[in-house]
Amino acid sequence: MSNKAARNLFILGSLFFFAIFLGLTYDTMGKLDKRAPEITEKVNAGKMVWHKYDCIGCHTIFGNGSYFAPDLTKTTLNKPKSYLKQFLMDPKSANPNASMPKLGIRSEEADDLIVFLDWTSKVDTNGWPPKPILAAAGGVAGRELTEGQKLYQSHGCSACHTINGIGGTTGPDLTRVGAKHDRTWLVGHFKDPAAFVKNSAMPKVEAPESEIEKLTDYMLTLK
Amino acid sequence: MSVKYQSQKIAEYFYTFAVVLFLVQVLVGIIAALQFIWPSFFILNFNTIRTLHINALVVWLLSGLMGATYYVVPEESETELWSLPLAKLQFWATVVAITAVVLGYIWMGLNPQANSPIMGINPLNEGREYIEAPRWADALIVISVLLFLFINFMTMMKTKKWTGIQGTLVGGLLVLALMYLPGMFYSKSMVKDQFWWWWVIHLWVEGAWEVIAGALLAFMLMKVVGAKREVVEKWMYIEVGFVMFTGILGTGHHYYWIGTPSYWLWVGGIFSSLEPLPLLFMVWDAFRTTREARNVENKAGLYYTVAHAIFNFVGAGLWGIIHTLPQINKWTHGTQITTAHGHLAFYGAYVLLVMAMIYITLPAIRGVKSFDASRAFTSFWWMTISMVFIVLTITGAGMVQVYMERLMGLDYVAVKANYNLWFWVLRAIFGVGFLIGVGIFVIDFFRLGKGPAPAVSAAPERA
């Protein structure tokens, strides 16, 4: 192959692949809005807050960004919004172990940011992030779950709390919670956490009396 | 060695700025590494430190590439630069603009409210990874790059001696300038925001920058071992051609999970898994060309050139392909595996490239016949061994993270703070090793050719 032929292959080939890329981009642009909820003024205001505080300097969104702090794409799906708001405005008041600094995020900014994160959580991301294989399989691995364990799962408690190493770290570890508190405390705390723990960021558990009793039964087995 | 055209000496200005920023980048990198262990270490938060770490990297590499271009274009065109004063103006304007941007980041780091939008625009930090520079700085950067391209274009027009190397180099730089534009507008949709943002990031580092690297590799092989232009240019076209054929549609590997249609899984998976091929060609090219070389005067230049080719392939190619297929990337996306790839890829593909260009052109700029290369080798091994271990520790952290967080469902914070703690400690220690290597390099940069001439100047023939 002569140098000229190699050069022409480089230039024409690059243009050819760029043309395909442009075509795919055009097609994608027509499809993106259908794969995501409508963008309201609140969603956009929240996105502006996201940029203002350079959140991506620590967090990822859609998995892109910095890997210093958790990905926030689906965070509103498994953390209570009241908790998120308190955390955004004053992280250590919601979780004493939090590494996030208090940035001075105002109340309405926190609200907008949560609306924005609610938007990202509903974008069709081709199934990302995937559900953890082992945690998903853990509940069905040969043994029947108790009523309390099922309620613990259906209320999404593990988004914030850890039992035996599995679960979130934003709330206290519950592995031995049954040894620390009695039935009266646990039942009362489920109904109104702030009455038992000062500045508690946990939302009230909205459930019938019988379910709270079953959750408490489960907690008392954790010793 | 000496320069053929006096205006080539402008390259040293850009190299000096690059070297100083390199030192800054690694210093803040160590602060960032320590913040993984103690998040509240230092007065600036991690986000500001990381922004400084990455922006310093991008700017010093660009500054180094600009210096290299100002050196190469006069030599290839066989004439002085079209306007040396204008090139100096472009240099100083760039330094002033970059300094202003950095001060803005630090101010915002101390007082986040200072970045409150003015007429809908964040004045100090755009809050978009890698291209954090605010809109006013974007405009200045574009002006600087256009001026830079204009000066080089006019130089080429003076003699109209078109060579493949300068054409490919300036073509790559033109694409680099154009691909900055998709990052310069606001989109209300985070999905579209990230879509266009990847045009900048990916088409830079896996497109335009690799084309520039291909052109400079050809130039360096000619300079160091006296390879024939006919041959190196033909291989250069084939290499940069394959960079573009695979890299353009390889952008698709960033469009798997950000809200884009699922056909990108196919496009990205197929084309990005071919991306290591041109990098492998470059390694083969470097070995084939240098194998028979005798009487190489500039051993340091040769060393860095070949090391660049190897680590470009290992860091960008191998560490990229391990997690580029969507079936794997689904689990590794957004984890430390990406960080590991980023570190080795930038070190191999671009840090070593700019350093190789410095070692090949600086002796001529300073007018020294031969120089003592011992510091160049010492810094190379400190940096390379440290970087390899930094990358291995981050890769280990990434594997633990993928297994425990993604597969087992453990919480992000638990994995980061408990299970990966020792990886962060080791990473920080190797970071200090890297800093030592950079320190030796910086000393060497400022003293090269300025001390007494080496006692045994004919030593290179030993091989």
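What you see is a predicted model; the values in this text were computed from it and never measured.

1. Structural notes on the packing of aromatic side chains
According to the stated counting rule, one finds 58 aromatic pairs over all chains in the structure shown. Measuring from ring centre to ring centre gives 6.0 Å for A:Trp50 and A:Phe116, while their planes differ by 50°; the resulting arrangement is tilted. Taken as a pair, A:Trp50 in helix α2 (residues 41–52) and A:Phe116 in helix α6 (residues 107–121) lie far apart in primary sequence, 66 residues in all. In terms of burial, A:Trp50 and A:Phe116 fall into one category: buried. Note on A:Trp185 and A:Phe196: the rings are 5.6 Å apart at their centroids and 75° apart in plane angle, and the pair reads as edge-to-face. One end of the pair, A:Trp185, is in helix α10 (residues 183–191); the other, A:Phe196, is in helix α11 (residues 193–196), and eleven residues separate them in sequence. A:Trp185 sits in the partly exposed class, given a relative accessible area of 21%. Above the plane of the ring of A:Phe68 lies B:Lys416, whose end atom (NZ or CZ) is 3.9 Å from the centre. The residue whose ring lies beneath B:Lys416 is B:Phe36, and the NZ or CZ to ring-centre distance is 5.4 Å.

2. Some points on helix α1 (residues 10–37) of chain B
Taking 1.5 Å as the rise per residue, α1(B) with 28 residues should run 40 Å; its terminal C-alpha atoms sit 42 Å apart, in good agreement. Counted residue by residue, α1(B) has 21 buried out of 28 residues, so it is predominantly covered.

3. Some points on helix α6 (residues 190–225) of chain B
All names here are of chain B. If you check α6, its first and last C-alpha atoms are 50 Å apart, about what 36 residues at 1.5 Å a residue would give, namely 52 Å. By the largest-angle criterion, Trp204 marks the main kink of α6, which is about 50°. Among the 36 residues of α6, 35 are classified as buried, and the element is accordingly described as predominantly covered. With a side-chain oxygen lying 3.2 Å from the backbone nitrogen of Val191, the N-terminal cap of α6 falls on Ser189. Looking one or two residues past α6, Gly226 carries a phi angle of roughly 65°, positive in sign.

4. What to know about empty space enclosed by the protein
The full count for this structure, using the stated rule, is six cavities of 30 Å³ or more. Its volume calculated, the largest cavity comes out at about 80 Å³. Lining of the largest cavity is provided by A:Trp50, A:His51, A:Ile56, A:Asn64, B:Gly127, B:Arg128, B:Glu129, B:Met190, B:Asp193, B:Gln194 and B:Trp197. Ranked by the residues each element gives to the lining of the largest cavity, the list is headed by α6(B), at four residues. A per-class count over the lining of the largest cavity returns four nonpolar, four polar and three charged. The space that makes up the second largest cavity amounts to roughly 60 Å³.

What counts, and at which threshold
- Within each chain, residue numbers correspond to sequence positions counted from 1 in written order.
- Chains and ligands are labelled by the order in which they are written, letters from A for the one and numbers from 1 for the other.
- Only residues with pLDDT of 70 or above have their local features reported here, since the model is predicted, and side-chain atom pairs are shown and tallied only from 80 upward, although totals for entire chains, interfaces and linings are computed over all residues.
- The side-chain quantities take in all heavy atoms of the structure and omit both hydrogens and water.
- Each aromatic pair joins two rings of Phe, Tyr and Trp (for Trp, the six-membered one) with centres within 6.5 Å, and gets the label stacked for planes under 30 degrees apart, edge-to-face for over 60, and tilted for any other angle.
- Put simply, DSSP marks the helices as runs of H or I at least four residues long and the strands as runs of E at least two long, and each gets a number from the N terminus on.
- Burial status follows relative accessibility: with a 1.4 Å probe on protein chains alone, a residue under 20% of its type maximum counts as buried, one over 50% as exposed, and anything between as partly exposed.
- In this analysis the charged atom, NZ for Lys or CZ for Arg, is taken to sit over a ring once it is within 6 Å of the ring centre and within 35 degrees of the ring normal.
- One less than the residue count of a helix, multiplied by 1.5 Å, gives the span that helix is expected to have.
- A residue's bend is simply the angle between two axes: one fitted to the seven residues ending at it, one to the seven starting at it.
- Contacts described as polar in this section are N or O atom pairs within 3.5 Å, which, within protein, must combine one atom able to donate a hydrogen with one able to accept it, while residues neighboring in sequence count only if both atoms come from side chains.
- Definitions used throughout: a 1 Å grid over protein atoms alone; a cavity as a set of points that fits a 1.4 Å probe which cannot get out; a pocket as an open set with protein on both sides within 12 Å along at least five of seven lines; a lining residue as one with an atom within 4 Å of a point.
- Grid points are joined across faces, edges and corners, and a volume is the space filled by probe spheres set on the points.
- The classification used treats Ala, Val, Leu, Ile, Met, Phe, Trp, Tyr, Cys and Pro as nonpolar, Asp, Glu, Lys and Arg as charged, and all other residues, Gly among them, as polar.

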